[in-house]
Amino acid sequence: MDREIVIETNKLTKKFGNFTAVNDITFEVDKGEIFGFLGANGAGKTTAIKMLIGISKPSSGEATIAGFDVYRETEKIKKSIGYMSQKFSLYEDLTIKENIILFGGIYGMNDFEIKTKCQDLLKKLHLQNDGDKLVNSLPLGWKQKLAFSTAIFHKPKIVFLDEPTGGVDPITRRQFWDMIYEAAHDGITIFVTTHYMDEAEYCDRVSIMVDGRIEALDSPEKLKEQFNAANMDEVFLMLARKAKRGD
Amino acid sequence: MKQFFTFIKKEFFHILRDKRSMLVLLGLPVVQLIIFGFAITTETRNCKIAVLDNSKDEATQNIITRIESSSYFDIDKTLTSNKQIETAFKTGRIKLAVVFQPNFQNDLSHNNKAQLQIITDASDPNQANTLSYYVSAIVMDYQKELNQNKNLPYTINSEIRMLYNPQLKGEYSSVPGVMGMILLLISAMMTSISIVREKEMGTMEVLLVSPLKPWIIIISKVIPYFIISLINVITILLISVLVFGIPIHGSIMLLSFVTILYIICALTLGILISTVTNSQQAAMIISLIGLMLPVVMLSGYAFPIANMPVILQVISNLIPAKWYIIMVKDVMIKGLGLFDIWKEMLIIIGMTTFFLLVSIKRFKIRL
């Protein structure tokens, strides 16, 4: 199968004054891949993501997202990606349908497309009778699933998930990952950060950031082999202990 | 364009679903004005006054009876000498004194002319004005009746003296003041809160990652409050004209234009506040303490600027509401035109530009 690279960075760096938040990171992500982006708090994950999604200009280095340059083509990047942040990102005082229509509209989908896809989505989430309920009446797990569905509603090439499962119970997390697999199967590339190392095991490949650098990058199996560890947790701890900067 | 309207619709949902805010947004101006107007009407009824009758004849008795029988006045004191007038005012019990010159009836029937004096406590200029107007109206009434069957008319001269504040500065200050305050509060506070709420909830991040341009996000957040402010202006003006009978002497077009300028100024101020804070509470406190207090204290709405220490007079120049209130008074009450208020207009436009530039700069730094 031909490899199609959707994220490509080359020595991407972000400096704030004397502080180098992201230092020379270079990696590639293939289409349909589930790419885990790990690192302790303060390792530079969030800064790196901000550069990739086009809301922060890199200090140096290169990167293309879905084939678009992060310096010059941020508008096109924004149209080709979806994003879900660690904070819950739907409007609590709008209904489920209104939220979907809003984000569909923001991403420039037409009314017909929004309407039909909205029905399908509600059916898939078993929420077909709850479309007019306010989002704040849903339990957290449901909200997260809905937020993810909304983030990929406009069929982006890549979806960036910043700690999407924070505070969610294990069963819902498992269901959430089923949705991620399904999206990846449909050809959407998943770029995900997480604190849960069991989730790192679900990824096709994992990178681990320490002090602004990528210290390790491979499939979970190979990383465990390389570091002679029983699970990803041990791999992560081995690398994270080397960190000199704190939170 | 479709993006834009979808987004504005969402902002209206936010506002309409929050019943409590709706009530504050639309009810506050009405309540403010009504409370203010109510204060005026209760105080002018049964107001305590003093009478010094140096003549004690039929004509003066007649006038005094008419004053007493009106619902506006209670005669609290009957004075016997000019010296007592000042003391009576100093106790604060009376708001107005009527003084009849000696030989009132005599002057009236022989010279066709008589003198009386109306002295009011003008530390509350609005009230002083209203009260003295009532007394002169009663006297005029009496004079008309006397003149019904006469060829040579009688004239009773009522000489009005305003104590403490002879020029009556601050006249009609309530409506312009309430407008200056409400518009600033609603536009600046509500805009900043609604922008900061998105930051606090994390939805702002999602919006910034979306293809929506930042200025579209901001403008769509601002438009609903712009519309609500316009509704408030209309309510305030309707109440002031219909309930309080304050006339609009100048051009309504100009008044609206000036008001729109001021609303835009307040909105940009709200945007500026939203760029310096990340929590709704902070935005609210900044708006209340940083905007509301100075407007009430320093804009000339509650206290005359001329009476302030120099340093406060200088600071008062920085308050947009001050310039707006001046313009509203000029246009609405004095009936002045564009050429009389261009300076104030330029100041408001200048402030708006300044707020906008600083906000844009701060917004860019944040990213």
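Below is a short write-up of the structure. (Residues numbered from 1 in each chain as written. Chains lettered and ligands numbered in written order. Predicted model: local features only at pLDDT ≥ 70, side-chain atom pairs only at ≥ 80, totals over all residues.)

### A closer look at the overall build of chain A
Heads up, the rule is: Only DSSP runs of H or I with at least four residues qualify as helices, and only runs of E with at least two residues qualify as strands; both kinds are numbered from the N terminus onward. With C-alpha atoms as the basis for the radius of gyration, the globule rule is written as 2.2 Å multiplied by the number of residues raised to the power 0.38. Partly exposed residues are those whose C-beta has more than 12 but fewer than 20 other C-beta atoms within 10 Å; with 20 or more the residue is buried, with 12 or fewer it is exposed, and the C-beta atoms are placed from the backbone. Here contacts are defined at the residue level, using C-beta atoms placed from the backbone and a cut-off of 7 Å between them.
Helix and strand counts for chain A come out as nine helices and 10 strands. Expected size for 247 residues packed as a compact globule is a radius of gyration near 18 Å; at 18 Å, chain A falls within 12% of this value. Considering chain A as a whole, with its 247 residues, one finds that 42% of them fall into the buried category. Taking contacts inside chain A between residues at least 6 apart in sequence as the whole, the part at least 24 apart equals 70%.

### Some thoughts on the overall build of chain B
Counting secondary structure elements, chain B contains 14 helices and five strands. Taking all 367 residues of chain B together, the buried fraction comes to 38%. Considering only contacts within chain B whose residues lie at least 6 apart along the sequence, 78% involve residues at least 24 apart.

### Regarding the pairing of strand E10 (residues 213–218) of chain A
All names here are of chain A. Basically, it comes down to this: At least two bridges found by DSSP between two strands are what make those strands a pair.
Here strand E9 (residues 205–210) pairs with E10 via five bridges, running antiparallel. Bridging from a neighbouring strand, Ile208 pairs with Ala216 of E10. Between E9 and E10, which follow one another and run antiparallel, lie two residues, and Asp211 among them has a positive phi close to 50 degrees.

### Regarding the nonpolar core
The condition is simple: Each nonpolar core comprises buried Ala, Val, Leu, Ile, Met, Phe, Trp, Tyr and Cys residues, the members being joined through C-beta atoms within 7 Å.
Leu52, Val159, Phe160, Ile190 and Phe191 of chain A are the most contacted members of the largest nonpolar core, which has 128 residues in total. With 15 residues, helix H7 (residues 174–201) of chain B is the largest single contributor of residues to this core. Sequence-distant contacts of Val159 of chain A, that is, excluding residues within four places in its chain, are made with Ile81, Gly82, Ala151, Ile152, Ala183, Ile188 and Ile190 of chain A. In this structure, Ala50, Phe89, Leu116 and Ala128 of chain B belong to the second largest nonpolar core, which totals 27 residues.

### So, the sheet that holds E10 of chain A
Residues and elements named next belong to chain A. Operational definition: Interaxial angle, 0 to 180 degrees, is taken between N-to-C directions of lines fitted to C-alpha atoms, where a helix line uses only the stretch in contact.
Strand order in the open sheet formed by six strands is E6-E7-E8-E3-E9-E10, and the pairing between neighbours is mixed. The open sheet has two edge strands with one neighbour each: strand E6 (81–84) and E10. Across the sheet, the mean angle separating the axes of adjacent strands is 15 degrees when strand polarity is ignored. Examined bridge by bridge, strand E3 (residues 34–39) and strand E8 (residues 189–193) share three bridges and lie parallel to one another. Its bridge partner lying in E8, Phe35 is registered against Phe191. On the sheet, helix H1 (residues 45–52) packs against E3, strand E7 (158–162), E8 and E9 and is oriented at approximately 155 degrees with respect to E7. Sitting on the sheet, helix H9 (residues 232–240) touches E3, E9 and E10, and the angle it makes with E9 is about 25 degrees.

### Looking at the interface of chain A and chain B
Applied cut-off: For this classification, Asp, Glu, Lys and Arg are treated as charged, while Ala, Val, Leu, Ile, Met, Phe, Trp, Tyr, Cys and Pro are nonpolar and the rest, including Gly, are polar.
Contacts between the two partners involve 20 residues from chain A and, on the opposite side, 20 residues from chain B. Looking at the side of chain A that touches chain B, the elements with two or more residues in it are helix H2 (74–80) and helix H3 (96–106) of chain A. Sorting elements by how many residues they give to the side of chain A that touches chain B places H3 of chain A first, with four residues. Residue classes in the side of chain A that touches chain B are distributed as nine nonpolar, five polar and six charged.

### Focus: the environment of Ser137 of chain A
Residue and element names in this part refer to chain A. The residue Ser137 is located in the loop between helix H4 (111–124) and helix H5 (140–151) in this model. Judged by the 12 C-beta atoms lying within 10 Å of it, Ser137 is exposed. A C-alpha to C-alpha distance of 9.9 Å links Ser137 and Ile96, two positions 41 residues apart in sequence.

### Some thoughts on the packing of helix H8 (residues 220–227) of chain A against H9 of chain A
Residue and element names in this part refer to chain A. Condition: The cut-offs work like this: below 35 degrees is roughly parallel, past 145 is roughly antiparallel, 65 to 115 is roughly perpendicular, and the gaps in between are oblique. What makes a crossing left-handed is the near helix being turned counterclockwise from the far one by less than a right angle; a clockwise turn instead makes it right-handed.
Remark: H8 packs on H9, axes separated minimally by 9 Å, with the N-to-C direction vectors making an angle of 60 degrees. Classified by the angle their axes make, H8 and H9 are oblique. Crossing geometry of H8 relative to H9 is assigned as left-handed. Every residue of H9 that contacts H8 at Pro220, Leu223, Lys224 and Phe227 is listed here: Met232, Val235 and Met238.

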